[in-house]
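Listed below are the residues making up each chain.
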Amino acid sequence: MVMLTIAQAYSGAMAVDRVLANLDLNLLVTLDALLRERNVTRTSEHLGVSQPAVSGALARLRRHFGDPLLTRVGNRYELTPLAARVAVLTGPALAGVRRVFDSTAEFDPSRLDREFTLVVSDYAATILGPLVARELARLAPGVRLRLEQTTPYAVDHAEATLRAADGLIVPHGFVTDLPYRDLFEDRWVCIVSDDHPEVGDTLTLEHLGALPWVMYVDRPTAFAPAARQLRMLGIEARVDAAVDGFVQMPFLVAGTRRIALLQERLARLLAPVAGVRIFDCPFDVVPVAEAFWWNPMYRTDPAHTWFRELLVNAAGSLRHQPG
């Protein structure tokens, strides 16, 4: 048994963690999958093992925790309060185990078998994501990339977010006291429909106050500075549509009197498809400065260090293009 070997390795003068010495660490993988899938059948399919094996592992986990972990509610299973707390810990625990066994004397990304999870806005996923994916396919075909949509809560609780993810891509001004690497900058521009009945060749401050807005949800960590900038100018915008992503904004502007503030790279990418026109903002607005933030526990992780450099290098092509 592997666990007997582990216990023997720590015998003698070195103190033994009796819980770990008597626990099959393979259960951690099953526990993580069960708490995410909340279903024995889907967990067995995800892990590539039989349903009886997963059911047996669940029984062992229930005995260990003294808790059912999953309880039936109607035709589905829900996490118990204890399981919900444990679910937050399994991802970082697995990441720590991976870091131990991924360690080699010489790091070779072409042999890396690992998943990197990034918490990003749909804007960063659209503009930077394809560049990163191409570099990974070229240099590390065994690496899997997971992009998870960011939320105001994820940014407000960045330290907790980064215990379960490899990094957070968010502009400067929202995260502090965590290590980061600068990626690229972009400009904010205004967009209106191609056939807007009131906007000709020039967009003015008067238009900003008179037209209805499509705006990223107006919260402290919502990234888009439109509402705050307009208030500083003495303009109270009438928000006609509030959204939690940037990609849909041009499509909510097209064919209407609405106006929106959008990153220039995304605006230029989507304008021909959505049918909108792009204007320079008729006021000074601070540019977007995207950065990659990560947990300090990854500081000396060779694979994570390599991945950070890959992100910076992929963003390099954006830094050398106009925003």
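Above this text is the structure in question.
What comes next is a walk through the structure. All values reported here derive from a predicted model rather than from experimental measurement.

Let's shift gears to the overall build of the protein. Helix and strand counts for the protein come out as 15 helices and 12 strands. Relative to its 323 residues, the protein shows a buried fraction of 45%. Across the protein, every contact between residues at least 6 apart in sequence was considered, and the portion connecting residues at least 24 apart equals 74%. Approximately 16,900 Å² of the protein is accessible, and the part contributed by carbon and sulfur atoms is 54%.

Here we take up the side chain of Thr-90. Turning to its location among the elements, Thr-90 is positioned in helix α6 (residues 81-102). A polar atom in the side chain of Thr-90 sits 3.3 Å from the backbone oxygen of Ala-87. Those residues in contact with Thr-90, other than ones at most four positions away along the chain, are Leu-28, Leu-31, Asp-32 and Leu-35.

It is worth spelling out the pairing of strand β3 (residues 114-120) at this point. The element β3 is extensively covered by neighbouring structure, given that 6 of its 7 residues are classed as buried. Where β3 meets strand β4 (residues 143-149), 7 bridges bridge the pair, whose relative direction is parallel. Bridge pairing in β4 links Leu-118 to Leu-147. Strand direction decides the pairing type here: β3 and strand β5 (residues 167-171), joined by 2 bridges, are parallel. When the bridges of β5 are listed, Leu-118 appears paired with Gly-167.

Glancing now at unusual backbone geometry. With a phi close to 55 degrees, Arg-38 is a non-glycine residue in the positive phi region. Looking at the secondary structure, you find Arg-38 in the loop between α3 (26-37) and α4 (40-47). In this structure, Leu-69 takes a positive phi of about 70 degrees despite not being glycine. Its location among the elements puts Leu-69 in the loop between α5 (51-65) and β1 (70-73).

Remark: α3 packs on α4, axes separated minimally by 9 Å, with the N-to-C direction vectors making an angle of 130 degrees. The orientation of α3 with respect to α4, classified from their angle, is oblique. Considering only the axes of α3 and α4, their crossing is right-handed. Residues Val-29, Thr-30, Ala-33, Leu-34, Arg-36 and Glu-37 of α3 pack against Val-40, Arg-42, Thr-43, His-46 and Leu-47 of α4.

In the contact formed by α4 and α5, the axes pass within 9 Å of each other and the chain directions differ by 115 degrees. On the basis of their axis angle, the class for α4 and α5 is roughly perpendicular. In the crossing of α4 with α5, the sense of the turn from one axis to the other is right-handed. Between α4, through Val-40, Thr-41, Thr-43 and Ser-44, and α5, the contact on the second element is made entirely by Gln-51, Val-54, Ser-55 and Leu-58. Along the lines of polarity and charge, the residues of the contact of α4 with α5 split into 3 nonpolar, 5 polar and no charged.

This part takes up the packing of aromatic side chains. Taken as a whole, this structure holds 8 aromatic pairs when the rule is applied. Taking the centre distance of 4.4 Å and the plane angle of 35 degrees together, the rings of Tyr-216 and Phe-246 count as tilted. With Tyr-216 in strand β8 (residues 212-216) and Phe-246 in the loop between β9 (238-243) and α13 (249-253), this residue pair connects regions lying 30 residues apart in the sequence. On the basis of relative accessibility, which here comes to 0%, the residue Phe-246 falls in the buried class.

The subject of this paragraph is helix α14 (residues 264-274). Every buried residue of α14 is accounted for by Glu-264, Arg-265, Leu-266, Ala-267, Leu-270, Ala-271 and Ala-274. Of the residues one or two after α14, Gly-275 is the one with positive phi, at around 85 degrees.

The next subject is the pattern of salt bridges. Within this structure, the stated rule accounts for 17 salt bridges. For Asp-32, the salt bridge identified is with Arg-36, shortest N-O distance 3.0 Å. Here Asp-32 and its partner Arg-36 are both found in helix α3, 4 residues apart, which amounts to about one turn of the helix. Under the relative-accessibility criterion, Arg-36 is labelled partly exposed at 46%.

Turning our attention to the sheet that holds β8. Pairing is mixed in the open sheet, where 5 strands are placed in the order β9-β8-β10-β7-β11. Unpaired on one side and paired on the other, β9 and β11 (276-280) mark the two borders of the sheet. Put simply, the sheet's adjacent strands are angled 35 degrees from each other on average, direction ignored. The sheet strands contacting α14 are β7 (188-193), β10 (259-263) and β11, and the helix crosses β10 at an angle near 125 degrees.

Analysis parameters
Residues numbered from 1 in each chain as written. Predicted model: local features only at pLDDT ≥ 70, side-chain atom pairs only at ≥ 80, totals over all residues. Heavy atoms only, no water. Helix = DSSP H or I, 4+ residues; strand = E, 2+ residues; numbered from the N terminus. Buried < 20%, exposed > 50% of the residue type's maximum accessible area, 1.4 Å probe, protein only. Contact = heavy atoms within 4.5 Å. Areas by Shrake-Rupley, 256 points an atom, 1.4 Å probe, with all protein chains shown as cover. Polar contact = N/O pair within 3.5 Å; in protein donor to acceptor, adjacent residues only side chain to side chain. Pairing = 2+ DSSP bridges. Axes fitted to C-alpha atoms, helices over the stretch in contact; angles between N-to-C directions. Parallel < 35°, antiparallel > 145°, perpendicular 65-115°, else oblique. Left-handed = near helix turned anticlockwise from the far one by under 90°. Nonpolar A, V, L, I, M, F, W, Y, C, P; charged D, E, K, R; others polar. Phe/Tyr/Trp six-rings, centres within 6.5 Å; stacked < 30°, edge-to-face > 60°. Salt bridge = Lys/Arg side-chain N within 4 Å of Asp/Glu carboxyl O.

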